[in-house]
Protein chains: 2
Amino acid sequence: METGKPQQADSGEARRERKRRQILDIARDVFLRDGFSGTSMSEISAKVGGSKGTLYAYFASKNELFQAVLEDFLARHEAEISGTITAGGPPGEVLLAFSERFLEVLLRPENLALLRLVYAEAGRFPEVGQAFYDSGPANAEQHLAEYIRGAVEGGFLKQDTEPYLAARQMILLSQGWIHNRRLWNVTPAPSEAEIKENAHAAVRTFLAAFGA
Amino acid sequence: METGKPQQADSGEARRERKRRQILDIARDVFLRDGFSGTSMSEISAKVGGSKGTLYAYFASKNELFQAVLEDFLARHEAEISGTITAGGPPGEVLLAFSERFLEVLLRPENLALLRLVYAEAGRFPEVGQAFYDSGPANAEQHLAEYIRGAVEGGFLKQDTEPYLAARQMILLSQGWIHNRRLWNVTPAPSEAEIKENAHAAVRTFLAAFGA
DNA sequence: TCAGTATCGTACCATACTGTACGGTCAAAA
DNA sequence: TTTTGACCGTACAGTATGGTACGATACTGA
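1. Some thoughts on the environment of R168 of chain B
So, point 1. Mapped onto the secondary structure, R168 of chain B falls in helix α9 (residues 163–183).
So, point 2. You can call R168 of chain B partly exposed: its relative accessible area is 27%.
So, point 3. When the C-alpha positions of R168 of chain B and L144 of chain B are compared, they lie 8.5 Å apart, and in sequence the two are 24 residues distant.
So, point 4. When residues no more than four places from it in sequence are discounted, the contact partners of R168 of chain B are W177 of chain A together with E141 of chain B.

2. Brief notes about unusual backbone geometry
Residues and elements named next belong to chain A.
So, point 1. Residue N185 is not a glycine yet carries a positive backbone phi of 65°.
So, point 2. Within the element layout of this structure, N185 appears in the loop between α9 (163–183) and α10 (192–210).
So, point 3. Accessibility expressed as a relative area gives 25% for N185, which makes it partly exposed.

3. Here we look at the packing of aromatic side chains
So, point 1. One pass over the structure, following the stated rule, counts 21 aromatic pairs over all chains.
So, point 2. Seen in terms of ring centroids, Y133 of chain A and W184 of chain B are 5.9 Å apart; in terms of plane orientation they differ by 45°. Their pairing is tilted. A residue pair is termed interchain when its members come from two chains, as with Y133 of chain A in helix α7 (residues 126–135) and W184 of chain B in the loop between α9 and α10 (192–210).
So, point 3. Owing to a relative accessible area of 5%, W184 of chain B belongs among the buried residues under this scheme.
So, point 4. Relative to F210 of chain B, the ring of F206 of chain B has its centre 4.9 Å away and its plane inclined at 45°; by these criteria the two rings are tilted. In this pair, F206 of chain B and F210 of chain B both sit in helix α10, four residues apart, roughly one turn of the helix. Each member of the pair, F206 of chain B together with F210 of chain B, is buried.
So, point 5. Put simply, the rings of Y119, F132, Y133 and W184 of chain A together with Y119, F132, Y133 and W184 of chain B pair up and form one aromatic cluster.
So, point 6. The aromatic ring of F36 of chain B is capped on one face by K62 of chain B, whose charged end is 4.8 Å from the ring centroid.

4. Examining the interface of chain B and chain A
So, point 1. Taken together, the contact between chain B and chain A spans 41 residues of the former and 41 residues of the latter.
So, point 2. For the pair chain B and chain A, the two sides together bury roughly 3,600 Å², of which 65% comes from carbon and sulfur.
So, point 3. Looking only at chain B, the three residues that lose the most surface to chain A are Y119, W177 and W184 of chain B, adding up to 24% of its buried area.
So, point 4. Linking chain B with chain A are zero salt bridges, by the criterion used here.

5. Structural notes on the relation of the copies chain B and chain A
One copy of the chain maps onto the second through a rotation about an axis and a displacement along it.
So, point 1. You can overlay chain B on chain A at an RMSD of 0.1 Å; the transform is a turn of 180° with a shift of 0.0 Å along its axis. A rotation of that kind, with that shift, is consistent with a two-fold axis.
So, point 2. A symmetric contact is evident, with 100% of the interface residues of chain B recurring at the interface of chain A.

6. Section: the confidence of the model for chain A
So, point 1. Chain-level statistics for chain A give a pLDDT mean of 89 and a share of 93% at 70 or above.
So, point 2. Scored below 50 in pLDDT, residues 1–9 of chain A makes six contacts in the model with residues more than four places away or belonging to other chains.

7. Some remarks on the pattern of salt bridges
So, point 1. Counted according to the given criterion, the structure contains 26 salt bridges over all chains.
So, point 2. D72 of chain B serves as the salt-bridge partner of R76 of chain B, at 3.8 Å between the closest nitrogen and oxygen. One end of the pair, R76 of chain B, and the other, D72 of chain B, are both in helix α4 (residues 62–82), four residues apart, so they sit about a helical turn from each other.
So, point 3. Of the residues examined, R76 of chain B reaches a relative accessible area of 43% and is grouped as partly exposed.
So, point 4. Several salt bridges share partner residues, and in doing so they unite R21, D25, R28, D29, D72 and R76 of chain A into one network.

8. Describing the packing of helix α6 (residues 109–122) of chain B against α9 of chain B
Residue and element names in this part refer to chain B.
So, point 1. Contact geometry for α6 and α9: axes closest at 10 Å, N-to-C directions at 70°. Put simply, α6 runs roughly perpendicular to α9. The residues of α9 that touch α6, namely those facing L112, L115, R116 and Y119, are H179, R182 and L183.
So, point 2. When grouped by side-chain class, the residues that make up the contact of α6 with α9 number four nonpolar, one polar and two charged.

Cut-offs applied
Residues numbered from 1 in each chain as written. Chains lettered and ligands numbered in written order. Predicted model: local features only at pLDDT ≥ 70, side-chain atom pairs only at ≥ 80, totals over all residues. Heavy atoms only, no water. Helix = DSSP H or I, 4+ residues; strand = E, 2+ residues; numbered from the N terminus. Buried < 20%, exposed > 50% of the residue type's maximum accessible area, 1.4 Å probe, protein only. Contact = heavy atoms within 4.5 Å. Phe/Tyr/Trp six-rings, centres within 6.5 Å; stacked < 30°, edge-to-face > 60°. Lys NZ or Arg CZ within 6 Å of the ring centre and 35° of its normal. Buried area = accessible area lost by both parts, 1.4 Å probe. Salt bridge = Lys/Arg side-chain N within 4 Å of Asp/Glu carboxyl O. Least-squares fit on C-alpha atoms with pLDDT ≥ 70 in both. pLDDT = per-residue confidence, 0-100. Axes fitted to C-alpha atoms, helices over the stretch in contact; angles between N-to-C directions. Parallel < 35°, antiparallel > 145°, perpendicular 65-115°, else oblique. Nonpolar A, V, L, I, M, F, W, Y, C, P; charged D, E, K, R; others polar.

See the structure below:
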């Protein structure tokens, strides 16, 4: 969107990299909006501005472009979604912060669209589902489980808590009903207060089950 | 699949109804497999056996057929998914039975495929998401909430339990991690033992939070 | 028996799709 | 300045799509 005309210091390798990025950004929007089958290479090429030949010089097929788009998207958002856990503190605060931030990130339109896309294509393209899982949920699960293990050792949580089980339940509760309703498109975007409320409810239930 | 040749008592109204059902059954499979954009009317017509003209004599457009397929599918499965709650007994047993059955139903391939389809199309066709929500999740939520209200009044659960909040959390926990992993297609179908284990964990956490 | 209708096969329309080909253009590298 | 190579516009191949048209045929209902 930001690279209308080539600027000065723009040659060779760098130029190619810029164009590639531009294609990926545009293709991402279209794929997220229309799904894999519903997306046309011609439209992408038209939006990029160049010719279809050029598009195919960067990505040999629709499939390849799709994979590249997802890889790029997931890599960008991996840090964000798994960086929601700050280790060390007491569960009451840490988990509340995690839960809020987690849901807020999940509810962003781009991430809802990504989830829809992944769900839709995971059946036909298992590697898509796998890539998504590895870069998102698996990370969140692991980070959270590690934090929980620490909290157990620190005496904040019940001694017999299974970190991975607890982490998964915490994620499910944090995700909440709102998230599903947003995915099904039966409710408008919630207010920040509703998100906070969901987080509180999640933490309350979690601590009732696993608190020391 | 089962109606190859017309049988004897087969005329007028009934005949038409049978053919309609046959088309719906076949179209359902194709839509669930390939999604809306990926599905071709020609393929459906070929699988049905007749001509494309006939297909269009029953459903005026791809859109109309799609809507009809979903309506039919949802109506058939509505009872099953919301009939998983048997009122009256103590939460320990009722909720365990619900949780197990709920997850087992959710994990059936046809329902996973339906969920994928609904997620995928809910963005573009809000009425699809709404119809699904009304016929599935909304029912489950309401039935469960009503049971929980009864259990609170019966002294089985904490007096300050909010039935709808508790119901939603119970559903989220029941759904579990497995369900997501199946949707993302990163794990094979779980054994019955795993399903039971998930249900136990869900009930344990639920009762820790809301038990009297 | 006979009219009416549902269905059939097939061809077709207009459009869209992915992917390729090709000659012209323009800017960077030598 | 000359060469190189990326990029452009456009056209095209080949196939598939949703949807229609139409005459032939088989079957239902009276």
